[in-house]
Amino acid sequence: MHNSKYFLWTALLTSTLFVSGCRSQMSVQSDLPKVESDATQRASSQASNEGAAVQSSTQNSPSKQLQSNSQVLSASEENMQSEAAVAHECVEAWRIAVQQKDEATAMKMLEKLAAENPHISTVRLMMGQVKDYFKKHDEALVYYRKAYAINKFSSIQTLRLASSLRKNGQFKEAESHYDRLLKNLEIALADKKDENLILVLASVRTGKAACLSHEGKKEEALAAVKKALTEDPGNLEAKELLKNLGG
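Criteria and cut-off values
Residues numbered from 1 in each chain as written. Predicted model: local features only at pLDDT ≥ 70, side-chain atom pairs only at ≥ 80, totals over all residues. Heavy atoms only, no water. Salt bridge = Lys/Arg side-chain N within 4 Å of Asp/Glu carboxyl O. Helix = DSSP H or I, 4+ residues; strand = E, 2+ residues; numbered from the N terminus. Buried < 20%, exposed > 50% of the residue type's maximum accessible area, 1.4 Å probe, protein only. Axes fitted to C-alpha atoms, helices over the stretch in contact; angles between N-to-C directions. Parallel < 35°, antiparallel > 145°, perpendicular 65-115°, else oblique. Left-handed = near helix turned anticlockwise from the far one by under 90°. Contact = heavy atoms within 4.5 Å. Nonpolar A, V, L, I, M, F, W, Y, C, P; charged D, E, K, R; others polar. Core = buried A, V, L, I, M, F, W, Y, C linked by side-chain atoms within 4.5 Å. Expected span 1.5 Å × (residues − 1). Phe/Tyr/Trp six-rings, centres within 6.5 Å; stacked < 30°, edge-to-face > 60°. pLDDT = per-residue confidence, 0-100.

> What should I look at first to understand the pattern of salt bridges in this one?
Opposite charge on two side chains permits pairing when their charged atoms draw close. Going through the model one piece at a time under the given rule, you end up with twelve salt bridges. One salt bridge in this structure joins Asp179 and Lys208, with 2.7 Å as the shortest N-O distance. Of this pair, Asp179 sits in helix α9 (residues 171-191) while Lys208 sits in helix α10 (residues 195-214); the two residues are 29 residues apart in sequence, bridging distant segments of the chain. Asp179 gets classed as partly exposed once you look at its relative accessible area, which sits at 32%.

> Would you take a moment to explain the packing of helix α6 (residues 121-133) against helix α7 (residues 137-150) for this structure?
Pairs of packed helices are described in terms of their axes, by the angle between the two and the distance that separates them. Their axes nearest at 8 Å, the elements α6 and α7 cross at an angle of 165 degrees. In terms of orientation, α6 lies roughly antiparallel with respect to α7. Considering how the two elements wind past one another, α6 and α7 form a crossing that is left-handed. The segment α6 lies against α7, with Ser121, Arg124, Leu125, Met127, Gly128, Gln129, Lys131 and Asp132 engaging His137, Glu139, Ala140, Tyr143, Tyr144, Lys146, Ala147 and Ile150. Class assignment for the residues of the contact of α6 with α7 results in seven nonpolar, four polar and five charged.

> In this structure, what is going on with unusual backbone geometry? I would like to understand it.
Backbone geometry follows two general trends: most residues other than glycine have a negative phi, and most peptide bonds adopt the trans configuration. The backbone phi angle of Lys101 is positive, close to 55 degrees, even though this residue is not glycine. Checked against the element boundaries, Lys101 lands in the loop between α4 (62-99) and α5 (103-116). Relative accessible area serves as the criterion here: at 51%, Lys101 is assigned to the exposed category. Backbone geometry at Lys135 places phi at a positive 65 degrees, although glycine is not the residue there. Mapped onto the secondary structure, Lys135 falls in the loop between α6 and α7. The class of Lys135 is exposed, set by a relative accessible area of 65%.

> Would you take a moment to explain the environment of Leu165 for this structure?
Along the chain, Leu165 turns up in helix α8 (residues 155-167). Note on Leu165: relative accessible area 0%, which makes it buried. Distance in space between the C-alpha atoms of Leu165 and Leu141 is 6.8 Å, their sequence separation being 24 residues.

> Which parts of the structure should I look at to understand the nonpolar core?
Judged by nonpolar contacts, the single largest core of 24 residues is most densely connected at Leu161, Tyr178, Leu185 and Val204. Looking at this core, the elements that each hand over two or more residues are α7, α8, α9 and α10. Per element, the largest residue contribution to this core is eight residues, and it comes from α9. Once residues within four sequence positions are removed from consideration, Tyr178 is found in contact with Leu159, Ala162, Ser163, Arg166, Val204, Gly207, Lys208 and Cys211.

> Would you explain α6 in this entry?
Since the α-helix packs 3.6 residues into each turn, any two residues three or four apart lie on the same face. Along its 13 residues, α6 runs 19 Å from first to last C-alpha, staying within 8% of the 18 Å computed at 1.5 Å per residue. The element α6 is extensively covered by neighbouring structure, given that twelve of its 13 residues are classed as buried. Of the positions making up α6, those classed as buried are Ser121, Thr122, Val123, Arg124, Leu125, Met126, Met127, Gly128, Gln129, Val130, Lys131 and Asp132. Following α6 by one or two positions, Lys135 has its phi on the positive side, about 65 degrees.

> I keep staring at the packing of aromatic side chains and nothing clicks. Help me out?
Geometrically, a pair of aromatic rings is defined through the distance of the ring centres and the angle of the planes. Within the structure shown, the criterion is met by two aromatic pairs. Ring plane angle 70 degrees and centroid distance 5.7 Å describe the contact between Trp94 and Tyr133, whose orientation is recorded as edge-to-face. You can see Trp94 sitting in helix α4 and its partner Tyr133 sitting in helix α6, a full 39 residues away along the chain. When its relative accessible area of 23% is taken as the criterion, Tyr133 is described as partly exposed. Of the aromatic side chains, those joined through ring pairs into one cluster are Trp94, Tyr133 and Phe134.

> Honestly, the confidence of the model for the chain in this entry has me stumped. Any pointers?
Low pLDDT means the predicted atomic positions in that stretch should not be read closely. In the predicted model, the chain carries a mean pLDDT of 77, and 66% of its residues have values of at least 70. The least confident element of the chain is helix α1 (residues 3-13), whose mean pLDDT is 35; the most confident is α5, at 97. Contacts of residues 1-59 to residues separated by more than four positions or lying in other chains number 114 contacts, the stretch itself having pLDDT below 50.

> Before we go on, may I ask you to explain the environment of Glu231 in this structure?
Along the chain, Glu231 turns up in helix α11 (residues 218-231). Classification of Glu231 as buried rests on a relative accessible area of 19%. With residues near it in sequence (within four places) discarded, Glu231 still touches Ile198, Leu201, Ala202 and Arg205.

Rendered as structure tokens:
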């Protein structure tokens with residue numbers, strides 16, 4: 001599979017947290033535990049893709065191919081283990097934040113995790129979620145930017161960044177990220193119709209419509225939000241936005 005195709009599908013199709021996060025704020029019981037299986041799926045997809053790349057590049061050397069495949073699988077197994085471990089600790093930090101209302105302890109846990117895992121964006125994403133939960137949206141944006149900088153191919157990171165930018169009144173930049181998500185989702189749905197992705201598409205389209213509305217582009221915003229509601233008639237944010245636009 002071509003690398004650009006791989007990044008698209010692993011970012012979009014394995015992101016259960018991304019899908020659930022589009023409809024409502026994350027809940028401790030139903031959403032965050034999915035991070036663990038999502039991390040494992042992403043690592044597994046990466047192993048498959050890297051294995052295919054190795055096979056293609058070493059097809060004329062069977063012994064070299066076997067050695068390279070073994071190395072790839074070993075690295076991927078380690079990655080899967082670290083992703084799963086990080087996801088579990090992220091869930092624990094989130095529970096402390098939400099159930100115990102203890103922002104300081106949750107952030108201390110995540111800061112330690114971030115220092116130990118500088119290349120895993122999930123930790124920064126969760127730090128942003130915790131700050132958002134405590135209504136510190138400007139601080140949350142800092143962490144979402146860090147998560148996005150680590151992994152620009154993740155739709156979770158892109159969506160959270162776009163939403164955070166919108167909360168902080170940075171509508172033009174938010175719109176650029178929504179546009180990229182829309183493009184990727186439309187490509188993905190052209191290859192495979194998926195109900196979850198359609199819900200995500202509607203949510204992203206609603207986010208862009210909100211940006212357009214704040215920029216005074218009422219007609220464009222109306223068109224976007226109406227299209228979102230054809231894709232997801234139950235989208236509460238889209239319904240509220242349509243009402244505010246007088247549609």
